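What follows is the residue order along each chain.
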Amino acid sequence: EVQLVESGGGLVQPGGSLRLSCAASGFTFTNSWMNWVRQAPGKGLERVANIKQDGSEKSYVDSVEGRFTISRDNAKNSLYLQMNSLRAEDTAVYYCAKGRGLDVWGKGTTVIVSS
Amino acid sequence: DVVMTQSPLSLPVTLGQPASISCRSSQSLVYSDGNTYLNWFQQRPGQSPRRLIYKVSNRESGVPDRFSGSGSGTDFTLKISRVEAEDVGDYYCMQGTHWPLTFGGGTKVEIK
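Everything numeric in this text was worked out from a predicted model, so none of it was measured.

A. Here's a closer look at the state of the cysteines. Summed over all chains, the structure comprises two disulfides over all chains. One disulfide bridge connects Cys22 of chain A with Cys96 of chain A, the sulfur atoms lying 2.1 Å from each other. For the disulfide bridge between Cys22 of chain A and Cys96 of chain A, the dihedral angle about the S-S bond is near -65 degrees, and by the sign convention the bridge is left-handed. Taken together, the residues span a long stretch of sequence, with Cys22 of chain A in strand 3 (residues 18-25) and Cys96 of chain A in strand 9 (residues 92-98) at a distance of 74 residues. On the accessibility criterion, Cys96 of chain A (0% relative accessible area) is buried. Covalent S-S linkage joins Cys23 of chain B and Cys93 of chain B, the inter-sulfur distance amounting to 2.1 Å.

Spelled out as structure tokens, the structure:
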């Protein structure tokens, strides 16, 4: 069964950092483009970052550029999102999603940025 | 970035009746390979999104055939032939033709 399991969310103060992880199983991780998508409370879906299969290409939404870093460890079938200089507007559920077409999603991990 | 505009924002439907959601893109979604990368996602209350339809009209495995997708170019539609209680939730279109991928704002389907 194809599965994505996110972890690492929590409550953090403005200006703080968090590292999200996504553990993948049931498919060939090294063949898949991977994504982070977030959903602020009561809002729609927003692409945060993407990374190519070998990590050679990365892309970010403008609002997180320079603060967030997407990475992957193909040996561990894992995707990461390092989030620095967090702001209140980063509060959201963060989902890991597989492929250019986002065909499989995890259950998400919640990030709350508040003092 | 390509702007995806969904309508309506909210869609109250009677059980057993049809429902239709529109999604329009700010530019054509036909890719150079001839494919149109327009997907539809369902998000039931309290759940993560699930892809229902890919490349305009292809249903994912396990998706009931009462769901259908159609359209071309910049104009797309998701139809539910007979709404059931389990169809309540938010629906999003997403384009993957142009970088970066972008989502529509969502349509909330609810039972009257």
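Structure's up, so let's keep going.
B. Representation of the environment of Cys23 of chain B in the model. Residue and element names in this part refer to chain B. Residue position: Cys23 is located in strand 3 (residues 19-25). For Cys23 and Gly71, which are 48 residues apart along the polypeptide, the C-alpha to C-alpha distance reads 9.2 Å. Here Cys23 is in contact with Met4, Thr5, Gln6, Leu38, Trp40, Thr74, Asp75, Phe76 and Cys93, once residues within four sequence places are set aside.

C. Highlighting the sheet that holds strand 3 of chain A. All names here are of chain A. On the basis of which strands lie adjacent, the open sheet formed by four strands has the order 1-3-8-7 and antiparallel pairing. Only two strands of the sheet have a single neighbouring strand rather than two, namely strand 1 (3-7) and strand 7 (68-73). Neighbour-to-neighbour, the strand axes of the sheet open up by a mean angle of 15 degrees, direction not taken into account. When strand 3 meets strand 8 (residues 78-83), the two strands line up antiparallel, connected through six bridges. In the sheet register, Ser21 faces strand 8, and the bridge partner there is Tyr80.

What counts as what
- Along each chain, numbering runs from 1 in the same order as the chain's sequence is written.
- Written order determines the labels here, with chains lettered from A and ligands numbered from 1.
- Only residues with pLDDT of at least 70 get local features here, since the model is predicted, and only at 80 or more are side-chain atom pairs given and counted; chain-wide, interface and lining totals rely on the full set of residues.
- Water and hydrogen atoms were dropped before computing side-chain values, which therefore reflect all heavy atoms in the structure.
- The term disulfide is used for any two cysteine sulfur atoms that are within 2.5 Å.
- Only runs of H or I of at least four residues qualify as helices and only runs of E of at least two qualify as strands under DSSP, and these elements are numbered from the N terminus.
- Each residue's exposure class comes from its accessible area (1.4 Å probe, protein chains only) as a fraction of the maximum for that residue type: buried when under 20%, exposed when over 50%, partly exposed otherwise.
- Residues are treated as being in contact if the distance between any of their heavy atoms lies within 4.5 Å.
- Strands qualify as paired when DSSP identifies two bridges or more between them.
- Simply put, an axis is a line fit to the C-alpha atoms, just over the touching stretch for a helix, and the angle between two N-to-C directions goes from 0 to 180 degrees.

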